[in-house]
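Chain by chain, the residues run as shown.
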Amino acid sequence: MTGDFRASLAVYTFVWLVLVGGAVLEAVFILNGIARWPELFVLGVSGFQASLILLFYMHLRDEPLSVKAMPVVTLLLLVALLASAITSVLACTPYVAG
Amino acid sequence: MGESSYIGQFRSFVWRWLTTTNHKDIGILYILTSIYFFLAAGVLGTLVRFQLARPGNTILTGNEYNEVVTMHGLFMLLWFASPLAFGLANYIVPLQIGARDLAFPRLNALSYWLYLVSGLIALISFFAPGGTASVGWTLYAPLTSDIYAPGKGLDLVGLAIILFSISVTLGTINFLVTIVKMRAPGMTWARLPMFSWTIVFTVLLMLWAFPTLIVATFFLFMDRNLGTRFFESPIGGSYLWAHLFWFFGHPEVYILLFPALGIIADVISTFSRRQLFAKNIIVLGLSLGTALSFVVWVHHMFITGIALEIRKIQSFTTAIISVPFEMTVIAMILTLWRGRIWYTTPMLFAIGSIFNFIIGGATGVFLSSVPLDIAFRGTYWVVGHFHYIVAGVITFGLMAGLYYWFPKITGRMYNETLGKIHFAIAFASIHALYLPMFFLMDMPRRIYDYAPEWATYNLIATVGAIIFGLSFLIPLVNFTYSLWRGPRAPDNPWGAYTMEWLTTSPPPRHNFEGEPMITGDGRVVFLAANGGYHHHVEHHTLAPFGIGLGALLFGLGLLYGPKLFTIVNLDVTLISIAGILVIAASLLKWAWDDVHDRFAIPEPRAAEDWPLTGVDKVRSGVWVFLVGDLFLFGALIGTWLFIRTRSLVWEPGYMSHDLAIGLVNTFILFTATYFYLLGYIFLKRGNTAAFTAGMSLATALAIAFLLVKVFEWSHLIEAGYTLGSGLQAQLYYTLTGLHGAHVLFGALATMYLVAKALKGKYTRDSHKGVVEIGLYWGMVEMIWVFLFPMFYLL
Amino acid sequence: MVEATNEIFWRLFMLYLGGALLLGGIASAILAYLAVRYRAASPQDIPPDAPRPGFMPSAFIRTPSWSKLLLVSTGVIVTALTLYSFIPLDYLSQTPIVQAGGLDGGGDALVVWVEARQFAWIFKYPQGFTSVNRLVLPADTVVEFKVVSVDVWHAFGIPYFKVKVDAIPGVVNSVWIKTPSNPGNYGYVWCYELCGSGHTIMKASVEVVSKADFEKWVASMSGGG
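Trainee: Tell me about helix H2 (residues 38–57) of chain A, residues and numbers included.
Mentor: Residue and element names in this part refer to chain A. With 20 residues, H2 extends 27 Å between its outermost C-alpha atoms, agreeing within 8% with the 28 Å of an ideal straight helix rising 1.5 Å per residue. All of the buried residues along H2 are Val42, Val45, Ser46, Gln49, Ala50, Leu52, Ile53, Leu54, Phe56 and Tyr57. Phi for His59, located one or two positions after H2, is positive at around 55°.

What follows is the structure, given as structure tokens:
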């Protein structure tokens, strides 16, 4: 029982192009200063690439809802952890022993 | 007759236990090992109480006292409570759901050996020069740095924790896939017993809690031995540990609690002759509690100075999360209503634990209020609260489970009178031990001497501790004696209705006579097993034990053995290398057995498997593993974000990486996976040769990726950019190093696929492993999609 | 009038204690009652609608509506208590209070820097001198402690005043108290976070003296230092 996934040459090739092209795009935009908030830009492009990998390379679109939920829950928990951790440091008063 | 047959019997006895993969055997191993750690940790705890009997005692002071306190906590929480729960779960859950074994029996054996070895390494740490870890079970940085806590003891404990976490993660995959996919037909979620339900919640918690512990402990090990400074950096180094640890630490307390709650619910249900009151609502409540448990960890950090808004939010979520547990207590109490209560020892422990839960839970509610927590943090109010839960609810619940399932597991009845005496003494003494602690709300934790006004309460607690500790001699004697001389137990001594009672005591190797099935009206029937379904096959393999042995050698090598070479501050010895070789050999044996299909288990014809319908066992297991691994990388990438956010610019030592190499390697990796997928397309069209070519190209490109990385690293190190060169460098090497290790394993796995293909094992319709390893490559690629811009562009 | 932190604590604590004893008491009483009332006459004494071996009951059973209310009642009370504690929490969180113009617009506050180290408490007064393991404070004054650590994680707490804050390397944390009007010894500062072998001996005496005596003490410390 190995799951009957849609293995389409066109789809795989499209994703490959987005991955390679996206990497080049990131390089060009960031190093030339075109992207005004580089971190957000990376989050957007890389996030989009990661979604394509999940949906098409890892066939998440053909999996039941329970499997689709797994990476989503993982991401939500990560956001919860990072939101608290990062804001906690931004809000505190630094001190250097002297 | 004679000597040789005794030796022969002994040898086959040892061989059976070293190579077993049967869930019942492994359950017994877990139970016995965890009882050992309970006794060891109990002795440590009693030593603490002896020291605290009077102010000014000198039995145990200074660092030795801290060592005892630390290891008492670690042994109890990690090496006793969860393993005992999972020992019972190993034995009982497959019976409760009508399965023959867990989904992945060899993985199950591996979980046990890794657990045992991790415990042994933790024990060995006592003998390290300088003693064992003395920094509290919470291991706060920077006390744990090699400056303030020198010596190999803490390193061994760190290694033990990592091995234990791996053991747990493997168990998570196993239990989740088993309970979802291997329930007998008719065993719907609505009919599932509470114990099995709580095990589901427990493993879901483990899946997302343990990765941050692994990351945090790994960082700690690197800080102490490889020159990094993850936790020592000013502004935030300590916070990084605290957040990573408590993100694990809070779900951990529910990981400890849930199985005990499940046992208590099953026991109360059986002995009051009623189903758990409002069971469907309680299950819903506990599932919400599971989800919420990931957003309350800040209540362990209320006085660390973090933003008021976050403290308020998590104070609120902490209050909300108490709701499912209050509901559970009420439901358990109301289950008695209109029942006919039979007071056996397990029932007494179950009811006693409800009373303890009322006290422990109520005192915990005080802690959810920030102004009260400010006063109670770090005091004995907290110690009293959590001991009421871990000793009063969890240990009592596990005791109830041991008494309840003793007849089923051993086939003998324990002595009921001794059991009741045990309960009476334990219940009375536990209050003498922990109730005084609430009156010690001013006394700091982890001190070995204290103010005179606290003396009376401490003395009462010590007397309670001695009695409580001694009371455990009773079940030791009871169980040991009954094992040999107890009256034979019937199939169902309690008249219980869950499925483990519908077979003999102990069950046969294949669990049930016939295939269990539950009809629409709830009747349990056993279909005759003829022809169609397989007869029971049990697999014996030494490979899991081998991996455990290798891990033990690796750990021992941290302390002993001729030094071969040094990486920064870490001495790599011959014994450690020997350990790695033993692990590699065992893994090869495992893969070899797979290539030759030695352990194939055919899927059952029919089973309840919602919500993973249509997803086979192996792919289900792979997704569970991937999600945990993704979370691990997420925590690492999150650390990068955390450090970068507070630094805003990198410290000196920052170096802009060569973009050309980055782009080349990115292209190589993306193309490697592309070829893998092309191979998959060809396989589905029946073209095995092209499939093999695609896999081989993918492997070759993966190796090329690694070679480029080695080239890049060697140039960086030559230029002076090493692990100790600042925060950016240590993040770079850690992240790309771990990613590279993943690529290496992926390449090896793909080579294994090529080997199987060349042996003709792969056809259009049968290609086990291709999709699964493809999923793994997808994850590896996803991570690189973020690592590339993080290190080469930002 | 600035409230004393210990009084804020005790009021809130008593409220929670009352709730806990009431709810816990009711639950325990019901538990005890049911445990006795529904005892079986013998192990064979089984109610007619009991689940029987050989049948797996479904969880979709009718739950009486009154019980659904009961199930959430304690949760509602607990949540209400927690939200209520936000009021004293906001009051206690008014730091740094000196910049805020003093509590309740009161003005003068004494700011003492507390340096936690393995294994002593170093108090640095604004007048420029240092006191080791001895905290002397004037009566009837708002005192703000700015707590830092020079080595590992410690926690600064004074049991009488029911205040506590972590001393984390690299960070300044702040906590305030209002000293009582009566001079005297008010116990000790203890360390509430495990910080090494000397964690137990990290103690500082807390003395409250009259304002006049405090001036004299300050003079002696500044001059002699």
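Next comes the rest of the write-up.
Trainee: Describe the interface of chain C and chain B, with residues and values.
Mentor: In this assembly, 82 residues from chain C lie in contact with 97 residues from chain B. It is Met56(C), Leu71(C) and Leu194(C) in chain C that bury the most area against chain B; as a group they hold 10% of the surface buried on that side. Between Asp49(C) and Arg274(B) there is a salt bridge, and its shortest N-O distance comes to 3.8 Å. In this assembly, chain C and chain B are joined by 24 residue pairs in polar contact (both at pLDDT 80 or more). Elements supplying a minimum of two residues to the side of chain C that touches chain B: helix H1 (5–37), helix H2 (65–84), helix H3 (86–92), strand E7 (163–167), strand E8 (171–178) and strand E9 (184–191) of chain C. A per-element tally of the side of chain C that touches chain B places H1(C) first, with 15 residues. For the side of chain C that touches chain B, the class distribution of residues is 52 nonpolar, 19 polar and 11 charged.

Trainee: Residues and numbers for the pattern of salt bridges, please.
Mentor: All names here are of chain C. Here the structure, examined in full by the defined rule, presents 27 salt bridges over all chains. Taking the shortest distance from any N to any O, the salt bridge between Lys178 and Asp140 comes out at 3.4 Å. Of this pair, Lys178 sits in strand E8 while Asp140 sits in the loop between strand E4 (134–138) and strand E5 (142–149), and the two are 38 residues apart along the sequence. According to the relative accessible area criterion, Asp140 is partly exposed, its value standing at 40%.

Trainee: Describe unusual backbone geometry, listing the residues and the values that go with them.
Mentor: Phi is mostly negative for residues that are not glycine, and the peptide bonds are mostly trans. For the peptide bond that leads from Ala141(B) to Pro142(B), omega is -5°, which places it in the cis range. Here Pro142(B) lies in the loop between helix H4 (105–124) and helix H5 (152–181). In this structure, the amide linkage connecting Gln118(C) to the following residue, Phe119(C), adopts the cis form with an omega of 0°. Position of Phe119(C) among the secondary structure elements: in the loop between strand E1 (110–117) and strand E2 (120–124). Residues other than glycine seldom take positive phi values, yet His59(A) does so here, at roughly 55°. Mapped onto the fold, His59(A) is located in the loop between H2 and helix H3 (65–90). Positive phi is not limited to glycine here, since Lys162(C) has a value of about 60°. Within the element layout of this structure, Lys162(C) appears in the loop between strand E6 (154–158) and E7. For Lys162(C), a relative accessible area of 8% corresponds to the buried category.

Trainee: Describe the packing of helix H6 (residues 194–225) of chain B against helix H7 (residues 237–272) of chain B, naming the residues involved and giving the relevant values.
Mentor: Residues and elements named next belong to chain B. Axis separation between H6 and H7 bottoms out at 8 Å; the angle between their running directions is 160°. The angle between H6 and H7 falls in the class roughly antiparallel. Viewed along their axes, H6 and H7 form a crossing whose handedness is left-handed. Counted by class, the contact of H6 with H7 contains 26 nonpolar, five polar and two charged residues.

Trainee: I'd like a description of the packing of aromatic side chains, backed by residues and values.
Mentor: Geometry of an aromatic ring pair is reported as the spacing of the ring centres plus the angle between the planes. Tallied over the full model, the rule gives 102 aromatic pairs over all chains. Ring geometry for Tyr112(B) versus Trp113(B): centroids 5.1 Å apart, planes at 70°, classification edge-to-face. Just as Tyr112(B) is buried, Trp113(B) falls in that class too. A cation over an aromatic ring shows up here: Lys162(C) above the ring of Phe9(C), its NZ or CZ 5.4 Å from the ring centre.

About the thresholds
In every chain, residue numbers begin from 1 and rise along the written sequence. Here chains are named by letter from A upward and ligands by number from 1 upward, in the order in which they appear as written. With pLDDT at 70 or above as the cut-off, local features in this predicted model cover only qualifying residues; side-chain atom pairs require 80 or more to be listed or tallied, and sums for whole chains, interfaces and linings still use all residues. Calculation of side-chain values draws on the structure's entire complement of heavy atoms; hydrogens and water are dropped beforehand. The numbering of helices and of strands both runs from the N terminus, where a helix is a DSSP run of H or I of at least 4 residues and a strand a run of E of at least 2. In this analysis, the expected span of each helix is defined as 1.5 Å times one less than the number of residues it contains. Accessible area is worked out with a 1.4 Å probe on protein chains only. A residue is then buried under 20% of its type maximum, exposed over 50%, and partly exposed in between. In this analysis, two residues are considered to be in contact whenever any of their non-hydrogen atoms come within 4.5 Å of each other. Accessible area, probed at 1.4 Å, shrinks when two parts are joined; the buried area is that loss added up over both. Any Lys or Arg side-chain nitrogen located within 4 Å of an Asp or Glu carboxyl oxygen qualifies as a salt bridge. In the analysis that follows, any N or O atom pair within 3.5 Å is treated as a polar contact, provided that within protein one partner can donate a hydrogen and the other can accept it, and provided that, for residues neighboring in sequence, both atoms belong to side chains. Just so you know the grouping, Ala, Val, Leu, Ile, Met, Phe, Trp, Tyr, Cys and Pro go in nonpolar, Asp, Glu, Lys and Arg go in charged, and all remaining residues, Gly too, go in polar. Note on geometry: axes are C-alpha line fits, over the in-contact stretch for helices, and angles between N-to-C directions span 0 to 180 degrees. Put simply, angles under 35 degrees are roughly parallel, angles over 145 are roughly antiparallel, angles from 65 to 115 are roughly perpendicular, and the rest are oblique. Handedness of each helix crossing follows the sense of rotation of the near helix against the far helix: counterclockwise by less than a right angle gives left-handed, clockwise gives right-handed. Any two rings among Phe, Tyr and Trp, with Trp reduced to its six-membered ring, count as a pair given centres within 6.5 Å; such a pair is stacked if its planes are under 30 degrees apart, edge-to-face if over 60, and tilted if neither. When the NZ atom of lysine or the CZ atom of arginine is within 6 Å of a ring's centre and also within 35 degrees of its normal, the charge is said to sit over that ring.

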